[in-house]
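# Structural characterization, general
One letter stands for each residue in the lines below.
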Amino acid sequence: MHIPDQNALVVAVACVVAYVVYRRTQSYKNVALTGQPDRGDMVAALTAGAATLLILAFLFGLGDGSAEAEQPSPKPPASAEPSPGH
């Protein structure tokens, strides 16, 4: 399966945004007690990643069918065309 570079970049940026939001929403209140920070907000991270994906796809015009519409349609073979005399 081939994924165009632009699509892969958009997905990678969305994943990075989701990771950053997850890390930034961690609470460090219990680090002294447990040695580990509280877990981050997974819902906020997934929402931010999905919103980033949607906005970038909209801005770059990905998935709207414009790439398929720009390709020329195939021409029928020359032997299938009727001759002018018939």
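First things first, this report covers the structure right here in the doc. (Residues numbered from 1 in each chain as written. Predicted model: local features only at pLDDT ≥ 70, side-chain atom pairs only at ≥ 80, totals over all residues. Heavy atoms only, no water.)

## Remarks on the side chain of Thr-52
Short version of the rule: Under the DSSP-based scheme used, a helix requires at least four consecutive residues in state H or I and a strand at least two consecutive residues in state E, with every element numbered from the N terminus. Throughout, a residue-residue contact means that at least one pair of heavy atoms, one from each residue, lies within 4.5 Å.
With respect to the helices and strands, Thr-52 occurs in helix H3 (residues 42-60). The residues touching Thr-52, leaving out its near neighbours within four places in the chain, are Val-13, Ala-14 and Val-17.

## Some remarks on the environment of Tyr-19
In this fold, Tyr-19 is placed in helix H1 (residues 5-24). When the C-alpha atoms of Tyr-19 and Leu-46 are compared, they prove to be 8.7 Å apart, with 27 residues separating the residues in sequence.

## Description of the environment of Thr-25
What counts here: Any pair of nitrogen or oxygen atoms within 3.5 Å is treated as a polar contact; in protein, a donor-acceptor pairing is required on top of that, and neighbouring residues in sequence qualify only through side-chain atoms on both sides.
Note on placement: Thr-25 falls in the loop between H1 and helix H2 (31-34). Sequence-wise, Thr-25 and Asp-41 are 16 residues apart; in three dimensions their C-alpha atoms are separated by 5.7 Å. Those residues in contact with Thr-25 that lie beyond four places of it in its chain are Arg-39, Gly-40 and Asp-41. One polar contact links the side chain of Thr-25 to the main-chain amide nitrogen of Asp-41, over a distance of 2.8 Å.

## Describing the packing of H1 against H3
Test applied: Angles shown run from 0 to 180 degrees and are taken between the N-to-C directions of axes, each axis being a line fitted to C-alpha atoms and, for helices, limited to the stretch in contact. Angle categories: roughly parallel below 35 degrees, roughly antiparallel above 145, roughly perpendicular from 65 to 115, and oblique for all the rest. Handedness of a helix crossing follows the sense of rotation of the near helix relative to the far helix, less than a right angle counterclockwise being left-handed and clockwise being right-handed. Ten residues, namely Ala, Val, Leu, Ile, Met, Phe, Trp, Tyr, Cys and Pro, are considered nonpolar, four, namely Asp, Glu, Lys and Arg, are considered charged, and the remaining ones, Gly among them, are considered polar.
For the pair H1 and H3, the least separation of the axes is 8 Å and the interaxial angle reads 150°. Here H1 is positioned roughly antiparallel relative to H3, judged by the angle of their axes. Read as a crossing pair, H1 and H3 show a hand that is right-handed. Of H3, the residues touching H1 (which contributes Gln-6, Val-10, Val-11, Val-13, Ala-14, Val-17, Ala-18, Val-21 and Tyr-22) are Met-42, Ala-44, Ala-45, Ala-48, Gly-49, Thr-52, Leu-53, Leu-56, Ala-57 and Phe-60. For the contact of H1 with H3, a count of residues per class yields 16 nonpolar, three polar and no charged.

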